[in-house]
Amino acid sequence: MARPMWTGVLTFGVVTVPVALYTATQSHHMRFHQLQRGTSDRVRNKRVNERTGKEVEFADIVKGYEVTDGEYVIAEPNELEQISPGRSRTIDIAGFVDLNDVDPIFCTVG
């Protein structure tokens with residue numbers, strides 16, 4: 001069964017209606033693993049510090065914008081979330097359509 005990409009509630013005064021948002025299409029991409037030719041051994045990508053050659057934990061990685069050669073402005077994940085334009089956790093409903101105007105194929109009960 002399909003999983004919702006967002007769930008929430010619609011509230012009209014004292015009435016609360018649960019809602020779920022599903023994608024209108026399905027992805028049909030094939031996902032391949034990287035293998036070494038001849039052995040079929042799985043090859044994995046690692047995050048490695050260029051200077052030391054040591055592997056870096058995912059939690060220790062931040063994004064940075066290079067302003068001059070070798071000088072970066074660092075951005076933490078929470079900072080990027082704060083400045084992201086147009087993101088909202090609110091959906092504004094502008095209006096409703098009559099049920100008769102909706103093709104029955106889109107009316108599912110589940």
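Residues numbered from 1 in each chain as written. Predicted model: local features only at pLDDT ≥ 70, side-chain atom pairs only at ≥ 80, totals over all residues. Heavy atoms only, no water.

1. Concerning the overall build of the protein
If you tally the helices and strands in the protein, you get one helix and four strands. In the protein, which comprises 110 residues, the share counted as buried stands at 1%. For the protein, contacts bridging at least 24 residues in sequence account for 6% of all contacts bridging at least 6. Carbon and sulfur atoms provide 53% of the accessible area of the protein, an area that totals close to 11500 Å². (Helix = DSSP H or I, 4+ residues; strand = E, 2+ residues; numbered from the N terminus. Buried < 20%, exposed > 50% of the residue type's maximum accessible area, 1.4 Å probe, protein only. Contact = heavy atoms within 4.5 Å. Areas by Shrake-Rupley, 256 points an atom, 1.4 Å probe, with all protein chains shown as cover.)

2. As for the pattern of salt bridges
In this structure the tally under the stated criterion is one salt bridge. Between glutamate 55 and lysine 46 there is a salt bridge, with the nearest N and O atoms lying 3.9 Å from each other. Of the residues examined, lysine 46 reaches a relative accessible area of 59% and is grouped as exposed. (Salt bridge = Lys/Arg side-chain N within 4 Å of Asp/Glu carboxyl O.)

3. Examining a nonpolar patch on the surface
Taken together, the side chains of Phe12, Val14, Val15, Val17, Ile93 and Phe96 present a nonpolar region at the surface, about 630 Å² in accessible area. As for its position among the elements, phenylalanine 12 is in strand β1 (residues 6–12). (Patch = residues over 30% accessible without salt bridge, like charges linked within 9 Å, V, L, I, M, F, W, Y side chains within 5 Å.)

4. A closer look at the pairing of strand β2 (residues 15–21)
Note that β1 and β2 share seven bridges and pair antiparallel. Considered in β2, the bridge of threonine 11 is made with threonine 16. (Pairing = 2+ DSSP bridges.)

5. Examining the environment of leucine 80
Following the sequence through the fold, leucine 80 ends up in helix α1 (residues 77–83). With relative accessibility at 32%, the residue leucine 80 sits in the partly exposed group. Remark: the alpha-carbon pair of leucine 80 and lysine 63, spanning 17 residues in sequence, is separated by 9.1 Å. Residues in contact with leucine 80, not counting those within four places in the same chain, are Lys63 and Ala75.

6. Some details on unusual backbone geometry
Trans is the prevailing form of peptide bonds, just as negative phi is the prevailing case for residues other than glycine. In the Ramachandran plot, serine 40 falls in the positive-phi region, its phi being about 60° despite a non-glycine side chain. Relative to the helices and strands, serine 40 resides in the loop between β2 and β3 (63–68).

7. A closer look at the pairing of β3
Direction of pairing for β3 relative to strand β4 (residues 71–75): antiparallel, over a ladder of five bridges. Bridge pairing in β4 links lysine 63 to alanine 75. Joining the antiparallel neighbours β3 and β4 is a turn of two residues, in which glycine 70 adopts a positive phi near 80°.

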